[in-house]
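Observations on the model geometry
What follows is each chain in one-letter form.
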Amino acid sequence: MTETSSVAPSPDDLTIGVLLVDGENVVRYANPASKSLLDAMAARPDLSVASFGPMGHHLAAICDRVREEARPILEREVEGPTGLLEISLTPQDPEEILIEILPLEWHKTAQAERHAERQRAALHAMLRGLAHELKNPLGGLRGAAQLLERQIEDPELTEFCSVIIAETDRLAGMIDRFASETSATPEERINVHAATERVYQLLSAGDRFRIERDYDPSIPEIRGDLDALIQALLNLVKNAMEADARRIILRSRIRRRRPERSGEPPVWAVLEVEDDGPGIPEDMAELVFYPLVTGKNEGSGLGLSIAQSVATRHGGRLEFRSHPGQTIFTMYLPLANDDD
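Okay, so let's go over this structure. Numbering of residues starts from 1 in every chain and runs along the sequence as written. Note on the predicted model: pLDDT of at least 70 is required for a residue's local features to be given, and 80 or more for side-chain atom pairs to be given and counted; whole-chain, interface and lining totals, by contrast, use all residues. Processing note: side-chain calculations cover all non-hydrogen atoms of the structure and skip hydrogens and water entirely.

**Here's the deal with the sheet that holds strand 12 (residues 326-334)**
For clarity, the threshold we go by: At least two bridges found by DSSP between two strands are what make those strands a pair. Each helix corresponds to a stretch of at least 4 residues labelled H or I by DSSP, and each strand to a stretch of at least 2 residues labelled E; elements are numbered beginning at the N terminus. Orientation is described by lines fitted to C-alpha atoms, with helices fitted over the stretch in contact, and by angles between N-to-C directions that extend from 0 to 180 degrees.
On the basis of which strands lie adjacent, the open sheet formed by 5 strands has the order 7-9-10-12-11 and mixed pairing. At either end of the open sheet lies a strand with only one pairing partner, and these are strand 7 (210-214) and strand 11 (317-323). When the angles between neighbouring strand axes are averaged without regard to direction, this sheet yields 20 degrees. Sheet analysis places strand 11 next to strand 12, joined by 7 bridges and oriented antiparallel. What sits directly across from Arg321, in strand 12, is Ile328.

As structure tokens, this is what we get:
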């Protein structure tokens, strides 16, 4: 039996900037990440922090305050060469100071993830309570569709009954999965365009709006739950329809994104639903993914919550940007690993 041990990561491997300065504010250690967050000189020991460009004098003044007050200081929204930074300074023994630097956007991302986790917990609790109540009417709907299918001779109408039965089965299975305790990432390999095409088939016949498709056919398979992905996209498109959009675009792309946490891939399959509706009001922007929160008179407030839950369960995320005349919901999905 092989023994394993937990080894703490080296500061050189961290994605946050780490500096150690002496009592004269001279750098005695700087990890590689500090080079990209500050400037090239920050990675060179034996330089004063005051030499780090326009923000250097400010950083030196904070170091002096830390020694004078003998306490840690946290400064947010410090203007740096790469944008706004969050800087934490902690006194060491005797007069050394440990400086930790990270982009302010990372702090906002962590807050957003905690916010999303609370949303997912609220949705899960609600779906568990609704699962039993929803199964009964779904079973009745399926049975009625089966009876009609046996009695109808028109092939086109029979096909409609088959769609009702298939969609009822899909919804019943999805409710079971959402209401269960498992949060394991789906393992089935699927083509994302099987989901987008199903949504197009179900919703493209509307008179008040037009659905367009803009696909990248080179996207490889992902590991996913096809039924759940269909439901998420249905919810996003219906959300656009209920917002009185006239033009809706189903888009797929491969997109690179800088990893924001350990283990996150740099390349993603991206699905977008864009509409030309009035946009999401500012006072709703932080609440749209909470269950039962809706700005529509007849909305349930569950559609976007479920879509976000689907993205998270796939190891991805759901984001949006909105202004009057354009709203885009973007779902990031990790690509399947060919070595698995």
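**Digging into the packing of helix 6 (residues 226-242) against helix 7 (residues 303-313)**
Stated precisely, the cut-off is as follows: For a crossing to be left-handed, the near helix must be turned anticlockwise from the far one by less than a right angle; the clockwise case is right-handed. Contacts are assigned to residue pairs that have any heavy atoms within 4.5 Å of one another. Classes in brief: Ala, Val, Leu, Ile, Met, Phe, Trp, Tyr, Cys and Pro nonpolar; Asp, Glu, Lys and Arg charged; the others, Gly included, polar.
Close contact between helix 6 and helix 7 brings their axes to 8 Å; oriented N to C, the two are set at 145 degrees. For the pair helix 6 and helix 7, the sense of crossing is left-handed. Together, Ala228, Leu229, Gln231, Ala232, Asn235, Leu236 and Asn239 of helix 6 and Gly303, Leu304, Ile306, Ala307, Val310 and Arg313 of helix 7 make up the contact between the two elements. Split by residue class, the contact of helix 6 with helix 7 holds 8 nonpolar, 4 polar and 1 charged.

**A short note on unusual backbone geometry**
For the record, the criterion: Burial classes: relative accessible area under 20% of the type maximum marks a residue as buried, over 50% as exposed, and values in between as partly exposed (1.4 Å probe, protein chains only).
Of note in the backbone geometry, Asn25 takes a positive phi value of approximately 65 degrees without being a glycine. Looking at where Asn25 falls in the secondary structure, it is placed in the loop between strand 1 (17-21) and strand 2 (27-30). With relative accessibility at 7%, the residue Asn25 sits in the buried group. The backbone of Asp244 sits at a positive phi, close to 65 degrees, despite the residue not being glycine.

**Looking at the pattern of salt bridges**
Counted only if it meets this: The rule for a salt bridge is simple: a side-chain nitrogen of Lys or Arg has to be within 4 Å of a carboxyl oxygen of Asp or Glu.
Summed over the entire model, instances satisfying the criterion amount to 18 salt bridges. Taking the shortest distance from any N to any O, the salt bridge between Asp64 and Arg67 comes out at 3.4 Å. Here Arg67 and Asp64 lie together in helix 2 (residues 56-69), a separation of 3 residues that amounts to about one turn. Residue Arg247 pairs with Glu212 through a salt bridge whose shortest N-O separation is 2.8 Å. Of this pair, Arg247 sits in strand 9 (residues 247-256) while Glu212 is found in strand 7, placing the two residues 35 residues apart along the sequence. With relative accessibility at 23%, the residue Glu212 sits in the partly exposed group. Because the salt bridges share partners, they merge into one network encompassing Asp214, Arg251, Arg253, Arg255, Glu272 and Glu274.

**Structural notes on the nonpolar core**
Condition: Throughout, nonpolar core names a set of buried Ala, Val, Leu, Ile, Met, Phe, Trp, Tyr and Cys residues whose side chains join them through atoms within 4.5 Å.
One finds Val199, Leu229, Leu236, Val237, Ile248, Leu318 and Met331 to be the most contacted residues of the largest nonpolar core, which totals 38 residues. Put simply, the parts of the chain that give this core at least two residues each are helix 5 (192-203), helix 6, strand 9, strand 10 (267-275), helix 7 and strand 12. Broken down by element, this core gets its largest block of residues, 10 residues, from helix 6. Counting residues in hydrophobic clusters, the runner-up holds 20 residues, among them Val21, Ala30, Ile73 and Ile87.

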